[in-house]
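Report on the structure
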Amino acid sequence: MMSGKLANSVQGPAKAGILGWPVTHSRSPLIHGYWLKMHNLEGSYEKLLASPEDFQDVVMGLMEAGYAGANVTVPHKEAAYALADVVDPSASRLSAANLLVFKEGEIHAANTDGYGFLQSLHEGAEDTNIEKKWLSKPAALLGAGGASRAIIGALVDAGVPELRISNRTMEKIESLGFLCEGTQTKMTAVPWNDRAAMLDGCGLLVNTTTLGMSGQPSLDISLDKLPDFAAVVDIVYAPLETSLLKVAAQKGLRTVDGLGMLLHQAAPSFAAWFGVTPEVTPELRQLVINNLEEKS
Ligand code: ATR
């Protein structure tokens with residue numbers, strides 16, 4: 001993980017932002033703005049719109065303008081990784097970066113998404129025993145897009161013995177095989193029509209698809225096969241309580257929403273640019289929930 005030591009030494013308040021295409025709905029400025037205020041820092045964090053064609057020029061422009069760095073979101077995470085001069089193992093293992101730090105004319109890249117995911121899981125567990133139990137059983141994952149990579153990496157790090165991945169397009173699962181190679185985690189590809197059956201004996205179900213997101217079709221899956229100690233995680237956070245989480249809660253299963261991952265992945269970025277490790281507080285969580293509700 002990158003630390004405050006990498007913070008830029010440019011004179012004046014540190015500047016950072018989020019690079020995306022589109023970037024209008026990003027909550028990152030709200031999160032970093034809250035921390036800047038809390039820590040009485042003069043820095044800034046803004047939305048930075050960059051098309052795929054312009055991505056490299058925009059990044060170089062930010063570096064020349066004295067920015068401390070930037071976060072990177074869809075669709076630029078692979079391009080950010082490819083552009084970096086120095087790559088942290090958190091990014092190289094996924095071939096994707098969500099954090100850029102500019103230091104002495106070089107671009108440093110890292111990926112904090114997996115860290116954010118594990119922290120949110122930790123927060124969602126009542127005690128460490130239940131968390132250990134979730135992670136000691138096979139985990140079921142829905143989706144094999146960009147968002148699934150960091151989650152797979154995190155679950156491998158957490159020592160999960162088996163990952164059962166189901167995706168509408170089977171070939172995409174095979175392309176993720178490298179993430180488990182040489183690890184203790186066995187990857188099993190499951191046809192989309194068998195997604196409910198794969199939940200048998202699993203400690204975790206994680207949705208990494210876009211299904212259930214506002215404006216998208218809902219996720220249709222029976223949770224009957226999940227053991228009663230299992231946790232259901234949705235990385236979608238708009239809406240905060242997806243229909244998947246609603247059904248899971250009704251069945252008495254533990255649930256973890258996607259907001260925790262968003263908040264926790266932001267903290268190491270803030271530390272890298274502004275030199276202070278911020279806290280994910282209930283007040284910050286509420287601030288983002290209020291914003292999500294206003295905009296929905
Ligand atoms: P990314 O940019 O992260 O790769 P994406 O390609 O839009 O995002 O897809 C995210 C995930 O949601 C993928 O796993 C995708 O399944 P496919 O790989 O088959 O495209 C899944 N997804 C999106 N819409 C879906 C739908 N209607 N039914 C099933 N899965 C869906």
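Residues numbered from 1 in each chain as written. Predicted model: local features only at pLDDT ≥ 70, side-chain atom pairs only at ≥ 80, totals over all residues. Heavy atoms only, no water.

We count it as follows: UniProt positions are given in the numbering used here, feature names are shortened, and annotations may be inferred rather than shown by experiment.
The name given to the chain in an unreviewed UniProt entry is Shikimate dehydrogenase (NADP(+)), with Candidatus Micropelagius thuwalensis as the source organism. UniProt lists a comment for the chain under the heading Catalytic activity (unreviewed entry), and it reads "shikimate + NADP(+) = 3-dehydroshikimate + NADPH + H(+)".

**Focus: the UniProt feature "binding site: shikimate" (unreviewed entry) in the chain**
Put simply, the test is: Numbered from the N terminus, helices here are DSSP runs of H or I no shorter than four residues, and strands are runs of E no shorter than two. Three exposure classes are used, based on accessible area relative to the maximum for each residue type with a 1.4 Å probe and protein chains only: buried under 20%, partly exposed in between, and exposed over 50%. Two residues form a contact once any of their heavy atoms are found within 4.5 Å.
As recorded in UniProt, the sites labelled "binding site: shikimate" (unreviewed entry) are Ser 26, Arg 27, Ser 28, Thr 73, Asn 98, Asp 113, Tyr 237 and Gln 265. If you trace the backbone, Ser 26 turns up in the loop between strand E1 (15–20) and helix H1 (28–38). Residue Ser 26 is classed as buried on the basis of its relative accessible area, which comes to 19%. Position of Thr 73 among the secondary structure elements: in the loop between strand E3 (69–72) and helix H3 (77–83). For Thr 73, a relative accessible area of 25% corresponds to the partly exposed category. Leaving out residues up to four positions away in the same chain, Thr 73 has contacts with Ile 18, Leu 19 and Gly 20.

**Notes on the packing of helix H5 (residues 113–124) against helix H7 (residues 146–157)**
Here is the rule: To get an axis, fit a line to the C-alpha atoms, keeping to the stretch in contact for a helix; angles then go from 0 to 180 degrees between the N-to-C directions. In this scheme, roughly parallel covers angles under 35 degrees and roughly antiparallel covers those over 145, while 65 to 115 is roughly perpendicular and the rest are oblique. Left-handed describes a crossing whose near helix is turned anticlockwise from the far helix through less than a right angle; right-handed describes the clockwise counterpart. Each residue is assigned to one of three groups, with Ala, Val, Leu, Ile, Met, Phe, Trp, Tyr, Cys and Pro labelled nonpolar, Asp, Glu, Lys and Arg labelled charged, and all others, Gly among them, labelled polar.
Across the interface, H5 lies against H7 with an axial gap of 8 Å and an inter-helix angle of 60°. Here H7 runs oblique to H5, going by the angle between their axes. For the element pair H5 and H7, the recorded crossing hand is right-handed. Along the contact surface, H5 presents Asp 113, Gly 114, Phe 117 and Leu 118, while H7 presents Ala 150, Ile 151, Ala 154 and Leu 155. Partitioning the contact of H5 with H7 into residue classes produces six nonpolar, one polar and one charged.

**Points about the site of the ligand**
Keep this limit in mind: By convention in these notes, a residue is near a molecule or strand provided one of its non-hydrogen atoms lies within 4 Å of it. Here a polar contact is recorded for every N or O atom pair within 3.5 Å, except that within protein the pair must consist of a potential hydrogen donor and a potential acceptor, and residues adjacent in sequence are included only if both atoms are side-chain atoms. The method behind every accessible area is Shrake-Rupley, applied with a 1.4 Å probe, and residues are considered shielded solely by the protein chains displayed.
Neighbouring residues of the ligand: 13 residues in total, closest Gly 146, Asn 167, Arg 168, Thr 169 and Lys 172. A distance of 2.7 Å separates an oxygen atom of the ligand from a polar backbone atom of Gly 146. Here an oxygen atom of the ligand and a side-chain polar atom of Asn 167 are 2.6 Å apart. If the ligand stood free it would expose 620 Å²; the protein chains cover 70% of that surface. Partitioning the shell around the ligand into residue classes produces four nonpolar, seven polar and two charged.

**Quick look at the sheet that holds strand E9 (residues 186–191)**
Our working rule: In this description, strands pair whenever DSSP reports at least two bridges between them.
Taken together, the six strands give an open sheet; going across it, the order is E9-E8-E7-E10-E11-E12, and neighbouring strands pair in parallel fashion. Both edges of this open sheet fall to E9 and strand E12 (254–256), since each of them pairs with a single strand only. Across the sheet, the axes of successive neighbouring strands diverge by a mean angle of 20°, strand direction being ignored. Pairing of strand E10 (residues 204–207) with strand E11 (residues 231–234) involves four bridges; the strand directions are parallel. Within the sheet, the bridge partner assigned to Asn 207 lies in E11 and is Asp 234.

**Side note on the pattern of salt bridges**
Definition in use: A pair is scored as a salt bridge if a Lys or Arg side-chain nitrogen falls within 4 Å of a carboxyl oxygen belonging to Asp or Glu.
With the rule as written, the count across this model stands at six salt bridges. Note that Arg 93 is salt-bridged to Asp 157, the shortest N-O span being 2.8 Å. In this pair, Arg 93 sits in the loop between helix H4 (89–92) and strand E5 (99–103) while Asp 157 sits in helix H7, placing the two residues 64 residues apart along the sequence.

**Some points on the pairing of strand E2 (residues 44–49)**
The condition that has to hold: With the strands pointing away from the viewer, any crossover whose connection runs clockwise from the first strand over the helix to the second is right-handed.
Two strands pair when backbone bridges link them, and E1 and E2 are joined in this way by six bridges, in the parallel orientation. In the strand pairing of E2, Ala 16 is matched with Tyr 45. Crossover connection from E1 via H1 to parallel E2: handedness right-handed.

**Overview of the domain arrangement of the chain**
Note: interface size is frequently given as the accessible area lost on complex formation between the parts. Note the threshold: Residue ranges assigned to the domains are those given by an automatic or database domain assignment. Two parts placed together each lose some accessible area under a 1.4 Å probe, and the buried area is that loss summed for both.
Considered domain by domain, the chain is made up of domain 1 (14–111) and domain 2 (115–259). In this structure, domain 1 and domain 2 have C-alpha centres spaced 27 Å apart. Every contact between the two is made by five residues of domain 1 and, on the other side, seven residues of domain 2. Between domain 1 and domain 2, a total of about 590 Å² is buried, with carbon and sulfur atoms accounting for 48% of that surface. Counting the surface domain 1 buries against domain 2, the share from its top three residues, Arg 27, Arg 93 and Leu 94, is 76%. Run the count over domain 1 and domain 2 and you get one salt bridge. Run the count over domain 1 and domain 2 and you get three residue pairs in polar contact (both at pLDDT 80 or more). Across the side of domain 1 that touches domain 2, the residue classes tally to one nonpolar, two polar and two charged.

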